[in-house]
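Summary of structural features
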Amino acid sequence: MQAQKNKVSVLKQMKKKKHCYLFLAPFFILFLLFTVVPVLMAMGLSFTSFNVFEAPKFVGLKNYVQLFFYDDLFIKSFSNTLTIAIFVGPLGYLLSLVVAWSINELAPALRTVLVVLFYAPSISGNAYMIWTLMFNGDAYGLLNAWGKKFGLINEPIQWLTDTKYMMICVIVVSLWMSLGTGFLSFVAALQGIDRSLYESAAIDGVHNRWQELWFVTLPSMKPQLLFGAVLAITGAFSVGEVCTNLCGNPSTDYAVHTLLNHMQDYGNTRYEMGYACAISTFLFVLMMGANQLVNKLLRRVGS
Amino acid sequence: MKVMKGLANQSRYARSNFGGIVNLLWLLLFASAMALPMVFTVSNAFKPLEELFVFPPNLIVKNPTLNNFAGISSVLRESWVPVGRNIINSVTITAFGVLGQVIFASLAAYVLAKEVFPGSKLLNKVIVLSLMFNGTVTSIPTYIIMANLKIVNSHLALILPACASSLGLFLMKQFMEQMVHTTILEAARVDGASELRIFFQIVMPMCKPAWLTLIILSFQSLWGNTGGLYIYDDELKTLPYALQNIMSGGTIARSGVSSAVALLLIIPPLVTFILSQSNILETMGSSGIKE
């Protein structure tokens, strides 16, 4: 009886708020189609063998067993992805925060110029390809040319094809682009902190800039810190296009082959969609897990 | 020393003069490192052919010319469709995608921010969760869906997903939660205004900084979209794709032209960002994820 009553009242409420659903419809239909359904599909298809032309065939855990125990390239691309994520995620995040804090008290005009300058690299898609001009393997690449001029190197270094340097190049370029939306969020948060908070903290015994930073500034921008962290983690784990665009596909000895590259290899080249979906599900879980972990850590700031 | 002085709303403990100088120094160094590739690209874009072969390369161009920009079309005409086509394609997907994102995301954000209805809590959670992963992760099933909708290899494959970017919806919703006051909405309802009218005549004008931000962010991601997996006809490809093609040629003779294309790619989003940066920062002020 009670349940039925509740059901009726929910329906009534829904009817009363009809306009809400109308307003939501255009966005959420597309969101469902291109975000929610793909996630569910990836999970479902990861238990099948599927080549697009025939109907998917259920194979249980076979894809995952293959992935974890027999696919050496998966292990390699996993470790590459972790390496990139560990450098680009935390470093990019810290860089955004430190830079935002450093420019916070500059004169507004100078601050604006610096914000534009630091944000610019993340602005435009694959414009990072200009780095190939820096890393070019012949003597005309800027890095080689300067290295030679200042006597640091004798022979031009093949930055983008020598396995010793490829990873560093990818990390440098990714870091270069890491002062994005999260950085803007930090800049805005710092600007918005109420001076009265500092005043009352001073009375409560905060005596210098560093204490202020830890006990007042960071805690009051916690929501933005969380937002920035989410974006940083998501970005750090989805590095992939940078690798293929800089170092080629496949890169020498797969030195910068990432999970994303591995997935696209199987999905778009070999049409082994089931296997590709297993990789995609793994990556998805990895990102979500990292996000939950960092969220927990960040909640401790200032305590 | 005006540059180093604290502003009204800031810390009680100003940096010491020494600290201020160290701070400026590190910023200067870091800024130059960040700017280096950009400066080199701008230079290269204006270098005549002879100067591209000067060793060691000049960081700053000596005899600037516009030849590289004129050369863009001729380089591409050899083997591909003219770059004009790529530019038109990029403009088209950018225009429609931006429009769709701003309208759809704002409509949805408005009810999520200001109304309580069955399902509203769940949807708010889903949006935050969706920020935690990236569309490229699920590009394989997305491709299958698009194939079934028969929109692979059409501009819709880039436009439709862009319309439903959850980052845009999230930023808009956060902004509306803080800036749009329920009392105003209620007053309008008492006066008999329809929900659609309230949205367009009251809510949207109040949220100008937020929708400017959405315009800029979706502009950036669409303008930089290579079309990747979803588009394979040369005639439908975008400007970033053209850049990728010229760059992968990798010869020095072409580096002038590729720099010119890179500039074409960077300048529009950069200029729009500069023009609207104060609005964007205002929006970002409310961007945080609340616990």
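Since the model is a prediction, treat every value here as computed from it, not as a measurement. (Residues numbered from 1 in each chain as written. Chains lettered and ligands numbered in written order. Predicted model: local features only at pLDDT ≥ 70, side-chain atom pairs only at ≥ 80, totals over all residues. Heavy atoms only, no water.)

Overview of the pattern of salt bridges
As a reminder of what qualifies: Should a side-chain nitrogen of Lys or Arg be within 4 Å of a carboxyl oxygen of Asp or Glu, the pair is scored as a salt bridge. Secondary structure elements are defined from DSSP: runs of H or I of at least 4 residues count as helices, runs of E of at least 2 residues count as strands, and each element is numbered from the N terminus. Only protein chains enter the accessibility calculation, which uses a 1.4 Å probe. A residue is then buried if its area is under 20% of the maximum for its type, exposed if over 50%, and partly exposed in between.
Scanning the model with the defined rule gives six salt bridges over all chains in all. We note a salt bridge from Glu199 of chain A to Arg195 of chain A, for which the minimum N-O separation is 3.0 Å. Taken together, the positions of Glu199 of chain A and Arg195 of chain A, both in helix H10 (residues 195-203) and four residues apart, correspond to about one turn of that helix. On the basis of relative accessibility, which here comes to 29%, the residue Arg195 of chain A falls in the partly exposed class. Between Glu195 of chain B and Arg189 of chain B there is a salt bridge, with its nearest N and O atoms 2.7 Å apart.

Topic: helix H12 (residues 222-237) of chain A
Which entries qualify depends on this criterion: Here the expected span of a helix is defined as 1.5 Å times the quantity of residues minus one.
With 16 residues, H12 of chain A should cover 22 Å at 1.5 Å per step; its first-to-last C-alpha distance of 23 Å lies within 8% of that length. Burial analysis of H12 of chain A places 13 of its 16 residues in the buried class, which makes it a mostly covered element.

Observations regarding the packing of helix H5 (residues 108-119) of chain A against helix H9 (residues 181-191) of chain A
All names here are of chain A. Here is the rule we go by: A fitted line through C-alpha atoms represents every axis, and for helices the fit uses only the stretch in contact; the resulting angles, taken between N-to-C directions, go from 0 to 180 degrees. Roughly parallel means an angle under 35 degrees; roughly antiparallel means over 145; roughly perpendicular covers 65 to 115; every other angle is labelled oblique. By the definition used in this description, the sense in which the near helix is turned from the far one sets the handedness, with an anticlockwise turn below a right angle giving left-handed and a clockwise turn giving right-handed. The contact criterion used throughout is that any non-hydrogen atoms of two residues lie within 4.5 Å. Residue polarity follows a fixed list, in which Ala, Val, Leu, Ile, Met, Phe, Trp, Tyr, Cys and Pro are nonpolar, Asp, Glu, Lys and Arg are charged, and the others, Gly among them, are polar.
Interhelical geometry of H5 versus H9 gives an angle of 160 degrees and a closest axis separation of 10 Å. Our classification of the angle between H5 and H9 gives roughly antiparallel. H9 is crossed by H5, and the crossing has right-handed handedness. Residue-level contacts link Arg111, Val115, Phe118 and Tyr119 of H5 to Thr181, Phe183, Leu184, Val187 and Gln191 of H9. Residue classes in the contact of H5 with H9 are distributed as six nonpolar, two polar and one charged.

Let's talk about the packing of aromatic side chains
Quick note on the threshold: Ring pairs shown here join Phe, Tyr and Trp side chains whose ring centres sit within 6.5 Å, with only the six-membered ring taken for Trp; geometry is labelled stacked below 30 degrees between planes, edge-to-face above 60, and tilted in between. Ring-over charges, as used throughout, are those where CZ of Arg or NZ of Lys falls within 6 Å of the ring centre and within 35 degrees of the ring normal.
Counted by the stated rule, this structure contains 32 aromatic pairs over all chains. When the ring of Phe53 of chain A is compared with that of Tyr271 of chain A, the centres are 5.9 Å apart and the planes differ by 45 degrees; the resulting orientation is tilted. One end of the pair, Phe53 of chain A, is in the loop between strand S1 (48-49) and strand S2 (57-58); the other, Tyr271 of chain A, is in the loop between helix H14 (259-269) and helix H15 (273-298), and 218 residues separate them in sequence. Judged by centre distance (5.4 Å) and plane angle (20 degrees), the rings of Phe227 of chain A and Phe170 of chain B are stacked. With one member in each of two chains, Phe227 of chain A in helix H12 and Phe170 of chain B in helix H8 (residues 166-179) form a pair that bridges those chains. For the residue pair Phe227 of chain A and Phe170 of chain B, the accessibility class agrees, reading buried in each case. Here a set of aromatic residues connected by ring pairs shows up, and it is made of Phe47, Tyr64, Phe68, Phe74, Phe78 and Phe282 of chain A. Across the ring face of Tyr266 of chain A, the terminal group of Arg270 of chain A is positioned such that the distance to the ring centre comes to 4.2 Å.

Description of the interface of chain B and chain A
The test is simple: Buried surface area refers to the total accessible area, computed with a probe of radius 1.4 Å, that the two partners give up upon joining, counted for both partners together. Polar contact is the term for a pair of N or O atoms within 3.5 Å; when the atoms are in protein, one must be able to donate a hydrogen and the other to accept it, and sequence-neighboring residues count only if both atoms are side-chain atoms.
At the interface, 110 residues of chain B touch 113 residues of chain A. Together chain B and chain A conceal approximately 9,800 Å² of surface at their shared face, both sides included; 74% is due to carbon and sulfur atoms. At the junction of chain B and chain A, the tally comes to one salt bridge. Taken together, the connections running from chain B to chain A amount to 14 residue pairs in polar contact (both at pLDDT 80 or more). When the residues that make up the side of chain B that touches chain A are grouped by side-chain class, the tally is 76 nonpolar, 27 polar and seven charged.

A word on the environment of His155 of chain B
Residues and elements named next belong to chain B. Take His155: it is sitting in the loop between helix H6 (139-149) and helix H7 (156-163). The exposure class assigned to His155 is buried, which follows from its relative accessible area of 16%. Sequence separation between His155 and Gly288 is 133 residues, and the spatial gap between their C-alpha atoms is 33 Å. Apart from residues no more than four positions distant in its own chain, His155 is found in contact with Asn89, Ile93, Ile231 and Leu236. Engagement of the side chain of His155 in a polar contact is seen with the backbone oxygen of Leu236, the distance being 3.1 Å.

Points about the domain arrangement of chain B
Residue and element names in this part refer to chain B. Our working definition: As used throughout, domain bounds are those supplied by an automatic or database domain assignment.
By the assigned domains, chain B splits into domain 1 (2-65) and domain 2 (75-284). Placing the centre of domain 1 and that of domain 2 at their C-alpha centroids yields a distance of 30 Å. Taken together, the contacts link nine residues of domain 1 with nine residues of domain 2. In this assembly, domain 1 packs against domain 2 so that about 680 Å² is buried in total across both faces, 80% of it on carbon and sulfur atoms. On the surface where domain 1 and domain 2 come into contact, there are zero salt bridges. Of all the elements in the fold, those that place two or more residues in the side of domain 1 that touches domain 2 are helix H1 (17-45) and helix H2 (49-52). With five residues, the single largest contributor to the side of domain 1 that touches domain 2 is H1. A per-class count over the side of domain 1 that touches domain 2 returns seven nonpolar, two polar and no charged.

Looking at the nonpolar core
Rules: What is meant by a nonpolar core is a set of buried Ala, Val, Leu, Ile, Met, Phe, Trp, Tyr and Cys residues, joined one to another through side-chain atoms within 4.5 Å.
Formed by 183 residues in total, the largest nonpolar core has its most connected members in Phe28, Ile103, Phe118 and Phe183 of chain A. Element by element, the count of residues in this core is highest for H15 of chain A, at 14 residues. The two domains that each donate at least three residues to this core are domain 1 (2-65) and domain 2 (75-284) of chain B.

Section: unusual backbone geometry
The omega torsion of the bond from Asn249 of chain A to Pro250 of chain A falls at 0 degrees, within 30 degrees of zero and hence cis. Of note, Pro250 of chain A is situated in the loop between helix H13 (241-247) and H14. The residue Asp253 of chain A is not glycine, and still its phi comes out positive at about 55 degrees. Although it is not a glycine, Asn153 of chain B sits at a positive phi angle of roughly 60 degrees. Overall, Asn153 of chain B belongs to the buried group, its relative accessible area being 16%.

With respect to the layout of surface pockets
All names here are of chain A. What counts, and what does not: Buriedness of a pocket was judged along seven lines, with at least five required to meet protein on both sides within 12 Å; pockets are open sets of points on a 1 Å grid over the protein atoms alone, cavities are sets where a 1.4 Å probe fits but cannot get out, and lining residues have an atom within 4 Å of a point. Grid points are joined across faces, edges and corners, and a volume is the space filled by probe spheres set on the points.
Its boundaries defined by the atoms lining it, the second largest pocket holds a volume of some 590 Å³. Every residue lining the second largest pocket is counted, 28 residues in all, and those nearest its centre are Pro90, Tyr93, Leu94, Val294 and Leu298. Mapped onto the lining of the second largest pocket, the elements with two or more residues apiece are helix H4 (72-103), helix H11 (209-220), H12 and H15. Partitioning the lining of the second largest pocket into residue classes produces 26 nonpolar, two polar and no charged.

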